Amino acid sequence: MKNKKVLKIVIPALILVAGCVCYFLFENGKSKGNYISYSQFYSQVESGTVSEAKIKADKIEYMDSLKTEHWTENPHSPVLEEFLLKNDVAVTVEKDSGEIFSIIFDALFYIFFFGIIIFAFRKFISPNTFKTVRKTGVTFDDVVGMDNLKRDMKQVMKIMANPAEYAKKGIRMPKGILLEGEPGNGKTLFAKALAGESKVNFIPAKATDFESMFMAIGPMKVKLLFRKARKCAPCIVFIDEFDGIGTIRNYSGSAIETENTRIVTALLNELDGFQPANGVLVIAATNSIQALDPALIRPGRFDARFSVPYPDANAREKLIKMYCSGKSVDESCTVDNLVKLFNGFSCAKIEAVLNKAALLAAQEERTAFKISDVNQAIKEM
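Residues numbered from 1 in each chain as written. Predicted model: local features only at pLDDT ≥ 70, side-chain atom pairs only at ≥ 80, totals over all residues. Heavy atoms only, no water.

Topic: the sheet that holds strand β1 (residues 34-35)
The five strands are arranged β1-β4-β3-β2-β5 in an open sheet whose pairing can be described as mixed. Each of the sheet's edge strands pairs with one partner strand only, and the pair in question is β1 and β5 (90-93). With two bridges connecting them, β1 and strand β4 (residues 69-73) associate as parallel partners. What sits directly across from Tyr-35, in β4, is Trp-71. Here helix α2 (residues 38-47) sits on the sheet and contacts β2 (50-55), β3 (59-64) and β4; the angle it forms with β3, its principal contact strand, is near 40°. (Pairing = 2+ DSSP bridges. Helix = DSSP H or I, 4+ residues; strand = E, 2+ residues; numbered from the N terminus. Contact = heavy atoms within 4.5 Å. Axes fitted to C-alpha atoms, helices over the stretch in contact; angles between N-to-C directions.)

As for the packing of helix α10 (residues 313-324) against helix α12 (residues 347-363)
Here α10 crosses α12 at 40°, and the two axes come no closer than 10 Å. The orientation of α10 with respect to α12, classified from their angle, is oblique. Considering only the axes of α10 and α12, their crossing is right-handed. Listed contacts from α12 to Arg-316, Leu-319, Ile-320, Tyr-323 and Cys-324 of α10 are Cys-347, Ile-350, Glu-351 and Leu-354. Counted by class, the contact of α10 with α12 contains seven nonpolar, no polar and two charged residues. (Parallel < 35°, antiparallel > 145°, perpendicular 65-115°, else oblique. Left-handed = near helix turned anticlockwise from the far one by under 90°. Nonpolar A, V, L, I, M, F, W, Y, C, P; charged D, E, K, R; others polar.)

Notes on the nonpolar core
By size, the foremost hydrophobic cluster in this structure holds 32 residues, and its most contacted members are Phe-210, Leu-225, Phe-242, Leu-296 and Phe-302. At the level of secondary structure, the elements contributing two or more residues to this core comprise β7 (201-206), α8 (217-231), β8 (235-240), α9 (255-273) and β9 (280-286). Among the elements that make up this core, the one with the highest residue count is α9 (six residues). With 29 residues, the next largest nonpolar core counts Met-160, Ala-193, Ile-236 and Ile-283 among its residues. (Core = buried A, V, L, I, M, F, W, Y, C linked by side-chain atoms within 4.5 Å. Buried < 20%, exposed > 50% of the residue type's maximum accessible area, 1.4 Å probe, protein only.)

Describing helix α13 (residues 371-380)
Looking only at α13, the buried set comprises Asp-373, Val-374 and Ala-377. Taken around the axis of α13, the buried residues stretch over an arc of 100°, which confines them to a single face. In this structure, the buried side of α13 is in contact with α11 (335-341) and α12. (Arc of directions from axis to C-beta.)

Things to note about the side chain of Asn-74
Counting through the fold element by element, Asn-74 comes out in the loop between β4 and α3 (80-86). Side-chain polar atoms of Asn-74 contact the backbone nitrogen of His-76, separated by 2.9 Å. (Polar contact = N/O pair within 3.5 Å; in protein donor to acceptor, adjacent residues only side chain to side chain.)

Some remarks on the packing of aromatic side chains
Under the definition given, this model contains eight aromatic pairs. Both rings, one in Phe-140 and one in Phe-190, keep their centres 5.4 Å apart while their planes meet at 25°; by these two values the pair is stacked. On the criterion of sequence distance, the pair formed by Phe-140 in the loop between α4 (97-124) and α5 (147-161) and Phe-190 in helix α7 (residues 187-198) is long-range, its members being 50 residues apart. Taking the relative accessible area as the measure of exposure, Phe-140 reaches 4% and is therefore buried. A relative accessible area of 1% places Phe-190 in the buried class. (Phe/Tyr/Trp six-rings, centres within 6.5 Å; stacked < 30°, edge-to-face > 60°.)

Focus: unusual backbone geometry
Non-glycine residue Lys-67 carries a positive phi angle of around 65°. Mapped onto the elements, Lys-67 comes out in the loop between β3 and β4. Residue classification places Lys-67 among the exposed residues on the basis of a relative accessible area of 55%. Positive phi, normally seen in glycine, also occurs at Glu-365, with a value near 60°. Relative to the helices and strands, Glu-365 is located in the loop between α12 and α13. Take Glu-365: its relative accessible area is 75%, and that puts it in the exposed class.

Side note on the sheet that holds strand β6 (residues 176-180)
Strand order in this open sheet of five strands is β7-β8-β9-β6-β10, and the pairing throughout is parallel. Here the strands that pair on one side only, and so sit at the sheet edges, are β7 and β10 (304-307). Here the average twist between neighbouring strands, direction ignored, is 20°. Across five bridges, the pairing between β8 and β9 is parallel. Across the sheet, residue Ile-236 finds its bridge partner in β9, namely Leu-281.

Some remarks on the environment of Leu-84
You can see Leu-84 is positioned in helix α3. In this structure, the C-alpha to C-alpha distance between Leu-84 and Tyr-42, residues 42 residues apart in sequence, is 9.2 Å. Not counting chain neighbours up to four residues away, the residues in contact with Leu-84 comprise Phe-41, Val-45, Ala-53, Ile-55, Val-89 and Val-91.

Some words on the side chain of Thr-286
Within the secondary structure layout, Thr-286 lies in strand β9. Taking relative accessible area as the criterion, Thr-286 reaches 1% and is therefore assigned buried. When sequence neighbours within four positions are dropped, the list of residues in contact with Thr-286 reads Leu-178, Leu-179, Glu-180, Gly-181, Lys-187, Phe-242, Asp-243 and Leu-292.

Brief notes about the packing of α5 against α7
Across the interface, α5 lies against α7 with an axial gap of 11 Å and an inter-helix angle of 40°. Considering the angle they form, α5 stands oblique to α7. Pair α5 / α7 crosses with right-handed handedness. Of the residues in α7, those touching α5 at Leu-149, Lys-150, Met-153 and Met-157 are Phe-190, Leu-194, Glu-197 and Ser-198. Looking at side-chain class alone, the contact of α5 with α7 contains five nonpolar, one polar and two charged residues.

Spatial relationships are all this shows, so hold off on functional conclusions.
In structure tokens:
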């Protein structure tokens, strides 16, 4: 589809260039009127019988007092134009084909250059950079465990649904919520579930969305994200891998550190620029809260912090039953054994280990995987 659009632009441009080349070659290749030697032409100019002349790159086309067309050689004399003007000849100096081609190609170069710039900016800061998800399709029922976190978030949901009512009681919704925990424990899933339970718009973003080969694009994207959030309110903005853009500012002067500082500053300005009553809640997920700039996580900005722990025994039991659904499991793989074996595993790792165990069994043409397959899968992870 994109190739067809490109061809629709490139083919007409090539035809236009080819047409211009052919036109100028044709125009410069033909001569108008009769040939007259340059000495005769000079004498006619002095006698006042030449009314107008066109100076071209390789010849001079002129018209006498009887309106007859002639042509002669162009000697490229620096005083020729002055000589003609002194003898009341209307002079036209025509650019040569080289100059014309140079102008055409210069114009095409600038069109191409600025076209690339416009395309890049539209791509990097397009309004479609951040998608608004109207319905996430995820609820707290899809999130295993995290009961304490769910309870706390339900209170936030109530404030978000009725900010004015809680404002009368002197209670405001936190501007930002920070979810801290190891990778694979369901921080993103939890944010989607919160949006699904609240029945509000959800705008997901990640640290790499703010990275760009052009300086100052990152801060512009931050402004674009929050502008979109305000238009889509009530909504939840979720920024994953937050430690990738919210790191402690370093004024070393390098381009990377300068851009990071600008992004953090833009985030601070945006967080200070809206009120909880606007219906925008920012949730950020990080694996390392120590790496974040202190100004970002002070009270009044990301003023609510929640830890997303590894699943406990009850959560692991539910996860095992869920991930084993549709798989053939040997009698040696009891739920109790797997719960103990998976102690300290993240949700994602439990799923990956069980999937790998099923693959190992399939490689040996067995329908059910054994506890030995699970142990082997753990070693290979």
